[in-house]
Amino acid sequence: MAPKRKREAAANGDAAEKSNATKKVKAPPAKAAAPPKSTAFKLNGDAPVHIQIIAGSYDRVLHGVTVTIKTTEVTSEPPAEAESTDKKKKSKKSKTTTTPITTATEQSASFADTFLFNAHNSAIRCLAISPPSAPAPKQTQKVLLATGSTDERINIYNLSAHPPSTRSASDPDAQLLSTLAPRPILENNKNRELGTLLHHTGNITRLCFPNRSKLLSSAEDSVIGVTRTRDWALLHNFKCPIPKVFGRPSGDTAGVGGTPQGVNDFAVHPSNKIMISVSKGEKCMRLWNLETGKKSRVLNFERAMLNEAGEGKHSTGEARRIVWGSSSSKGGEDEFALTFDRDVVIFGMDCRPRCRVMGDIKTKVHEIKYVRLGDREEDGALLAVSTEDGRVLFFDTAEESCQPAPEGKTLATARLVGRLGGKEAGVTGRVKDFVVLPVEDEKGARSWFVATAGSDGQIRVWRLTGDELKVDGEQKESKQVGKLLGTYGTQNRITCLEGFVMIPKPDGAEESEYEFDDSEDDDEDDSDDE
């Protein structure tokens, strides 16, 4: 009987398929696209904002500073009117309306030391901060910090994503220590050291957390290592070839008979599928396939492009920094920027140079970052560039905003939108590194806190509003942007800087027993391992 039932079921199934094929099916109504999730920190009214800033220095010192930004209301009374002797004016005085008292909000920053110690045996070259751990009921969130130095070591630390409790400041021992120290101290006992990685045999040049489950590191041994944060196991090494010797260019620091080698920088695409790296002594960039773990292609720099970027015949022609981003044009097309000694060149997704940035500005470039103007694709981004003369310049790299190439040149010039710092703001020292932290108020208006640092040891915190970075087609000249909220002297020569906005601690949250939860990235680790 069983075979007969199967045949009957099959026949009924065929009849059902035929009837469904002839019947018109009404398409379900299209659902509205969900708004993109905001990546900016949400401000809670006039509640203070806490920012954790970490600075590395030539003096081997790792310095953690907690910045508290408070908003206060300032009332301004109208000026007193002079009394008149005219009787007509006295009679009209009762009829005139008095001007109301206006109130305005001002922000100020206060600084306190969180930690201060010698983290390495030599100068600290780079820092990296991971995204915070996933929120869990009644548990605190944490952030991983990686530091790289010229001693070939990578130190890993676990930092609390929440501001220090007020109880630590009221502790008698902490108050006594603060009276002895020249600067206020606000220690967070949740910050701990996890260990040291010894995967490289050269000076560490760059660290990056593309996500919380992976750490990428590069060094002067021409190797880019991929480390899993769950057990800190080395998963893969991308080996870059050592360039051949073609004379000794100016600025060569290699030993006698040696060759300048090592990875200067690398950048991972937001899709985590492609990576681009640039190395010393090479006039090219290398594309890597992160899914297969192999090299994809090598793109050589054209001689004309290098000449326009200020890399002459006797220059190394190597790129110093590279970063992925998107332009401010409609649709926010993906692009990446390459930094040379005194200029920045923008490349499209076709790996062809599209425009240069600095134009007639003759100064050395130190660091570059893309600043997102919003979470939607059409919002786009601006390119921020820190320079030797103490400024952070914001450029619009959209093709429709670029100035046409001068006669005899092939690359257009990006438009300068705004200037932060510089001589107009009293900053003359170079900006070695900077951090841009986006925040949003209750109405959804976006603004940014910018922390800058240089070799003078000064950490400056600025506030940028959305109107100041708004791209206006009618604007022809750049403007001075940003408001200085506070300055803090570290007394160290700062080389690198990182920071994040601290998350308010939830009520009833307790410190977890382990440094971080291994189960939060298990699925992602298994899918990424090759």
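Residues numbered from 1 in each chain as written. Predicted model: local features only at pLDDT ≥ 70, side-chain atom pairs only at ≥ 80, totals over all residues. Heavy atoms only, no water.

Details of the overall build of the chain
- Along its length, the chain carries six helices and 31 strands.
- Put simply, the chain has 530 residues, and 45% of those count as buried.
- Considering only contacts within the chain whose residues lie at least 6 apart along the sequence, 61% involve residues at least 24 apart.
- Accessible surface computed for the chain: about 28900 Å², of which carbon and sulfur atoms make up 50%. (Helix = DSSP H or I, 4+ residues; strand = E, 2+ residues; numbered from the N terminus. Buried < 20%, exposed > 50% of the residue type's maximum accessible area, 1.4 Å probe, protein only. Contact = heavy atoms within 4.5 Å. Areas by Shrake-Rupley, 256 points an atom, 1.4 Å probe, with all protein chains shown as cover.)

Some details on the pattern of salt bridges
- One pass over the structure, following the stated rule, counts 19 salt bridges.
- Put simply, Glu282 and Arg286 hold a salt bridge, and the shortest N to O gap is 2.8 Å. Residue Glu282 shares its accessibility class with Arg286, and that shared class is buried.
- Taken together, the shared-partner salt bridges connect Arg206, Asp265, Arg321 and Glu367 into one network. (Salt bridge = Lys/Arg side-chain N within 4 Å of Asp/Glu carboxyl O.)

A look at the pairing of strand S20 (residues 353–356)
- As paired elements, strand S19 (residues 344–348) and S20 share three bridges and run antiparallel to each other. Note on S20: the bridge partner recorded for Phe347 is Pro353.
- Once S19 ends, the chain turns through four residues before running back antiparallel as S20, passing Cys351 with a positive phi of about 65 degrees.
- By the bridge criterion, two bridges tie S20 to strand S24 (residues 412–413) in an arrangement that is parallel. Bridge pairing in S24 links Arg356 to Thr413. (Pairing = 2+ DSSP bridges.)

Notes on the nonpolar core
- Of all hydrophobic cores here, the largest spans 24 residues; its most connected members are Ile51, Ile53, Val67, Ile69 and Leu497.
- Every element with two or more residues in this core is listed here: strand S2 (49–57), strand S3 (61–76), strand S4 (102–118), strand S26 (433–440), strand S27 (446–453), strand S28 (458–465), strand S30 (483–489) and strand S31 (494–501).
- Element by element, the count of residues in this core is highest for S2, at four residues.
- Beyond its immediate stretch of four places on either side in the chain, Leu497 contacts Ile53, Ile54, Ala55, Leu127, Asp433, Phe434, Val435, Ala451, Thr452, Ala453 and Ile459.
- Leu299, Phe301, Met305 and Trp324 belong to the second-largest nonpolar core, a separate cluster that totals 20 residues. (Core = buried A, V, L, I, M, F, W, Y, C linked by side-chain atoms within 4.5 Å.)

Examining the environment of Arg212
- Inspection of the secondary structure assignment puts Arg212 in the loop between strand S9 (204–211) and strand S10 (214–219).
- Side-chain polar atoms of Arg212 contact the side chain of Ser130, separated by 3.3 Å. (Polar contact = N/O pair within 3.5 Å; in protein donor to acceptor, adjacent residues only side chain to side chain.)

So, the sheet that holds strand S18 (residues 334–339)
- An order of S17-S18-S19-S20-S24 is seen for the five strands of this open sheet, with the pairing classed as mixed. Both outer strands of the open sheet, strand S17 (321–326) and S24, are each paired with one neighbouring strand and no more.

A word on the side chain of Thr227
- Residue placement: Thr227 occurs in strand S11 (residues 223–228).
- Residue classification places Thr227 among the buried positions, given a relative accessible area of 0%.
- There is a polar contact of 3.4 Å between the side chain of Thr227 and the side chain of His199.
- When sequence neighbours within four positions are dropped, the list of residues in contact with Thr227 reads Leu197, His199, Ser213, Lys214, Leu215, Trp232, Ala233 and Leu234.

Concerning the packing of aromatic side chains
- All told, the structure shown has seven aromatic pairs when counted by the stated rule.
- Seen from their ring centres, Phe115 and Phe117 are 6.1 Å apart, and the 50 degrees between their planes marks the pair as tilted.
- Taking 5.4 Å as the distance between ring centres and 5 degrees as the angle between the ring planes, the aromatic pair formed by Phe336 and Phe347 counts as stacked. One end of the pair, Phe336, is in strand S18; the other, Phe347, is in strand S19, with eleven residues separating them in the sequence. This pair shows no difference in class: Phe336 is buried, exactly as Phe347 is.
- The structure contains a cluster of three or more aromatic residues connected by ring pairs, namely Phe115, Phe117 and Tyr157.
- For Lys369, the ring lying beneath its charged end belongs to Phe434, and the centroid distance is 4.8 Å. (Phe/Tyr/Trp six-rings, centres within 6.5 Å; stacked < 30°, edge-to-face > 60°. Lys NZ or Arg CZ within 6 Å of the ring centre and 35° of its normal.)

Description of the confidence of the model for the chain
- Confidence in the prediction of the chain, expressed as mean pLDDT, is 82, and 75% of residues score 70 or more.
- Contacts for the low-pLDDT stretch residues 1–11, under 50 throughout, to residues beyond four places or in other chains number zero contacts.
- In the predicted structure, residues 13–35 sits below a pLDDT of 50 and forms zero contacts with residues beyond four places in sequence or in another chain. (pLDDT = per-residue confidence, 0-100.)

Things to note about a negative patch on the surface
- Taken together, the side chains of Asp46, Glu73, Asp441 and Glu442 present a region of like negative charge at the surface.
- By secondary structure assignment, the location of Glu442 is in the loop between S26 and S27. (Patch = residues over 30% accessible without salt bridge, like charges linked within 9 Å, V, L, I, M, F, W, Y side chains within 5 Å. Lys, Arg positive; Asp, Glu negative; His and termini not counted. Charge placed at Lys NZ, Arg CZ, Asp CG, Glu CD.)

Quick notes on unusual backbone geometry
- Although it is not a glycine, Arg60 adopts a positive phi angle of roughly 70 degrees.
- Position of Arg60 among the secondary structure elements: in the loop between S2 and S3.
- A positive phi angle, near 65 degrees, is found at Cys351, a position not held by glycine.
- Assignment of secondary structure puts Cys351 in the loop between S19 and S20.

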